[in-house]
Each structure stands twice: as C-alpha cells, then as structure tokens.
Amino acid sequence: MHDYIIINQKDNVAVALRDFKKGEEVAGVILLEDLPRAHKVAIKDIKVNEDIIKYGYPIGHATKDIAKGEHVHVNNTKTNLNDLFNYEYHPHFDTVTTLKKDVTVDVYERSSGEYGIRNELWIVQTVGCVSGIAHKIIAEFKKRYDTSAIDGIYTFNHPFGCSQMGDDHTMTRTILQDMVKHPNAGGVLVLGLGCENNQVSVFKETLGKYDEKRTRFMVLQESKSEIEDGVALLKELYDQMKSDKRVTKPISVLRIGLKCGGSDGMSGITANPLLGALSDYMAVNGGTTVLGEVPEMFGAEQILMARAKDEETFNKTVNLINDFKAYFKNHNQVIYENPSPGNKKGGITTLEDKSLGCTQKSGHSVVCDVLKMGERITAHGLNLISTPGNDLVATTTLGAAGCQMVLFTTGRGTPFGGFIPTIKVSSNTELYKAKPEWIDFNAGALVGEKSMDELLGLFVDYIADVASGKKKTNNELNEFREISIFKDGVML
C-alpha cells in the first residue's frame, strides 16, 4: 500500500496518507517542504492561473507558479467559483455495480406504511419556551412507570415557534409537523404554550394525515395541572406503544441521510466514498438515500446534474443550486466562503476541493428526485435535498424528510447527534481510536487494511444492526439528541 494517493489519472497533485518531511519522495517527486497527512503536493510544475486538478476535476487555480514537489494549499491556490451559472442538461449515467448481499432489518411497521427503526415516545414542542415543562413531564412519567418496553422518551429543545413571520414561521411549523409523523416515534405529544405564533390549533389543522391514535395535543395555558395532564397523555400513548413488535423486512425499507462535518483531506478518499458505495448498494437494492448540504455541492454540481434521471429532475437540481447561491448573495455573502478553518487545517484548500470530496457520498447512481426543505421523501433511490452545510440544521432536515438514520462522516470529530440515530464515520483510524465515545465506524480502514468491498460488507451489517435495534449509536448512548431549524428572516 502506498503512503500517498493520486485519486484520478488526470490529477496534477497527490495526497499524502501520512506526514512527510522535506526531502522525502512522494509519487516520484522530491518534497520541497514538509507535507502533513491529507495535504496535497504538486506532481508536476503548475503555472500561474493553471487549474489544480484533484478527483479528475479542477479544485481551483494556481495564484503563482508551483514547482513539482511543492505543497499545494491556500497560500498558492484560489477557487474558480463565482456567481450564478447557466446550466445545460448533458446526461451521463455510470454503470453501477455493488455487493451481492441480501440483508434484512427488524423494524416497526407504522399505520402510514412507513417503517421505524426505533419505538420512541416524543414530546414535540411547538415553541421553545415550553422545553422546561416538557422535561419535567418526562421526568415525572419515568418516576411513575417502567418504560423498558419502548426505546425511550425524548423531547427536543429549540428556540423557535414564536416571534417568527412568513417563511420562517412556516418552516418551523413544517419541520415540527414532519417530526410528528416520523416513523421512529410510536407516539407523539404535541406541546404548546398558548400565546405563541405556532398555535397548536393551526398546527393540528395543517398537519395533514397523521395517526390520530398515536398523537395527542396539549396547550399549557389551558391546563390547571400541566405535569399531571402531560403525564396522563403520555400514559395513553405509552399503553398503545408498549406492545409494538419489530417485523423483518428487506433493507430497502431504510431511508438513510448522508452528511459530513469537520471534514479533512482524507474524507473524500475514505469515509465519503464508503458512503457513496453504501448509497449505490441501497439504490441497487431498492432502498433510499438522501444527500443534502447544497453549499458543499458548489463546484461539483454539474456531476450531479449529469446524473439527473430526466430533464425535470435536472431543472429541479439547477434550482436547488441557484436558489442557495441567491440566498448567499441576498445576504451579501460570497458564495465561496468555505471551507472552514478546521477543514483547511485538515488539508482541504477550496470549496471545490471540499465539494468534490463531499459529493463522493452520492456514489454513482441516478439522481431520482430533488426535495425542497421540509418536503418528505416519495422516490426510492438517490435523492437530493435543500439544506445548508450546518450540521444540526442539515441533520434535522434529513430526519424531517423521513430518513430513519443519518450517516455522518468526519475527519476532525464531533459528538453531536440528531433526533434520529446519527452514525459517525471517521475518515482516519487515529480519530476512531482517539474518540471511541464519538465515532461509530472507521472508514480509515480503507488505508492499508480493508478493500472497499470488504469494508462495505461490514458497514452494511453494522447499519442493519443499528436499524434492528441490536446496536445503539454513540449519540444515543450519550443522550445527545439535538435539532435546529433553518431561519432566513427577521425575528419580532
């Protein structure tokens, strides 16, 4: 196994798989300076304004002449990205091959026809100021009743639901309504205050089709004894849920969100390609994956557009990209204000560098649908969805769309988890060993230990175990369950 990688034969840079010192040889060139792991070195002379090629595509251009053997990074490279583009549909579909592996999962079948991987009892707060009462209701319920027959009772704090107007108000309501109908919840108590913008009465009227047997509503200002009333409503829901049993179904019933955060230069070489292989496996076997983080598609968007199943889906992808670029410009922000300081320290130089690595999570399958924020999944296969790169907002949006779990790759590490199981996949073995209480699966094994097919087989088995309740993710074990909802407007 080499201690460097040239990802694509078109590349004019190699990526270090370990730390190198000045004078050592990488890909046939002598290093002119030290090269940290996951960083890039020029493997030929690159002239000023010439494109830097990685993954077979430009990740920016040289701001000065770069000699072969020189470190290629933020000091000599700049993005090629600019404003909005006009795109044309030039479909290109790859032949997708994957593991021959039949896998089943044990899940909860809901009245909606969807399948949950957990049987949890939730309190969904219509407004942030009821969070204290929500926690007190849960604590009192747990004092009185044995809850071991279900997978837990949870509420999810957020600061929204009041003093919001227009699209922000609608988005808050929509995301919370999506959560009420999520299949991982066997029962839901919708808890409001009474004077907030996000009124429980309107919330209920606009909720659409939901399981009335498994949903209760409560307004605190209308209750004489809110703890007692809340506990009584939870008891009604619990008594229905506690007899729910898992049923065996093919792995195709899973809807899996794809996310990354705290990336490093190894993310696009190990962890994200592993998720891409998993996404292809799911697509071939009739399952569903959903890729968000639109700003981290910038610079790689035309690869996804070429895989749109038809022109309608292509046009939806164009709107997905340009709408988010317009959002940046409307707030007087540059489109390419990315990657983060942690990304740069980890070897990622430009947004294209990050995006080409991030979109590895999509694999090679056809893009079958594109969702707006708040919309729910209707098509099997690979979906795209409008989310920012922000970890909490993106993961919340993926869960609200109907994903039962999120696969979250990271090269820097993060302890956070969403309101659904959040599987943290490390891009390097060092992180996996350093943070075992954060990281669930090690994609760093692709460097010198496992082939992609070997690791994908283990990964599929791990996902099936999590879905079947045989394993809990670290965010579940740590009780780290967070939500955040996209906000674009003013607050009263």
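Residues numbered from 1 in each chain as written. Predicted model: local features only at pLDDT ≥ 70, side-chain atom pairs only at ≥ 80, totals over all residues. Heavy atoms only, no water.

Draft legend 1. A look at empty space enclosed by the protein. One pass over the structure, following the stated rule, counts two cavities of 30 Å³ or more. Reported here for the largest cavity is a volume of approximately 60 Å³. If you trace the largest cavity, you find 13 residues lining it, with Asp264, Gly268, Ile348, Lys354 and Gly357 closest to the centre. The element best represented in the lining of the largest cavity is helix α9 (residues 351–358), accounting for four residues. Looking at the second largest cavity, its volume works out to about 40 Å³. Lining the second largest cavity we find Leu291, Gly292, Glu293, Glu296, Met297, Cys358, Thr359 and Lys361. The class makeup of the residues in the lining of the second largest cavity is three nonpolar, two polar and three charged. (1 Å grid on protein atoms, 1.4 Å probe; cavity = no way out; pocket = protein on both sides within 12 Å on 5 of 7 lines; lining within 4 Å. Points joined across faces, edges and corners; volume = space filled by probe spheres on them. Helix = DSSP H or I, 4+ residues; strand = E, 2+ residues; numbered from the N terminus. Nonpolar A, V, L, I, M, F, W, Y, C, P; charged D, E, K, R; others polar.)

Draft legend 2. Main features of helix α4 (residues 226–241). With 16 residues, α4 extends 22 Å between its outermost C-alpha atoms, agreeing within 8% with the 22 Å of an ideal straight helix rising 1.5 Å per residue. Those residues of α4 that fall on the buried side of the exposure criterion are Gly230, Val231, Leu233, Leu234, Leu237, Tyr238 and Met241. The buried residues of α4 occupy one face: seen down the axis, they fall within an arc of 165°. Along its buried surface, α4 packs onto β12 (120–125), α1 (131–144), β14 (185–192) and β15 (215–219). (Expected span 1.5 Å × (residues − 1). Buried < 20%, exposed > 50% of the residue type's maximum accessible area, 1.4 Å probe, protein only. Arc of directions from axis to C-beta. Contact = heavy atoms within 4.5 Å.)

Draft legend 3. How the structure looks around the side chain of lysine 40. In this structure, lysine 40 sits in strand β5 (residues 40–42). Only 2.9 Å separates the side chain of lysine 40 from the side chain of aspartate 353, close enough to count as a polar contact. (Polar contact = N/O pair within 3.5 Å; in protein donor to acceptor, adjacent residues only side chain to side chain.)

Draft legend 4. Broad picture of the sheet that holds strand β16 (residues 247–250). Across the sheet, which stays open at both edges, the three strands sit in the order β11-β10-β16 with antiparallel pairing between neighbours. What marks the edges here is a single partner per strand, and that holds for β11 (115–116) and β16. Where strand β10 (residues 104–109) and β16 come together, four bridges link them in antiparallel fashion. Looking at β16, one finds that aspartate 106 is bridged to threonine 248. (Pairing = 2+ DSSP bridges.)

Draft legend 5. Broad picture of the pairing of strand β21 (residues 405–410). Burial analysis of β21 places six of its six residues in the buried class, the great majority of the element. Side chains Met405, Leu407 and Thr409 of β21 all project onto a buried face; the interleaved residues Val406, Phe408 and Thr410 project onto the opposite face, where all are buried too. The pairing of strand β17 (residues 255–260) with β21 spans five bridges and is classified as parallel. When the bridges of β21 are listed, lysine 259 appears paired with phenylalanine 408. Sheet analysis places β21 next to strand β22 (residues 422–426), joined by five bridges and oriented parallel. For threonine 409, the partnering residue across the bridge sits in β22 and is valine 425.

Draft legend 6. Broad picture of the layout of surface pockets. Reported here for the largest pocket is a volume of approximately 930 Å³. If you list the elements that add at least two residues to the lining of the largest pocket, you get α5 (271–284), α6 (301–306) and α12 (452–467). When residues in the lining of the largest pocket are grouped by element, the largest group, four residues, is from α5. Residues belonging to the lining of the largest pocket are distributed by class as follows: 18 nonpolar, 16 polar and six charged. Within this model, the second largest pocket holds a volume of roughly 640 Å³. Lining the second largest pocket are 20 residues, and of these Met171, Asp323, Lys372, Met373 and Ser386 sit closest to its centre. Within the residue set of the lining of the second largest pocket, elements represented by two or more residues are α2 (166–180), α7 (311–330) and β19 (367–371). With seven residues, the top contributor of residues to the lining of the second largest pocket is α7. In terms of residue class, the lining of the second largest pocket is made up of eight nonpolar, five polar and seven charged.

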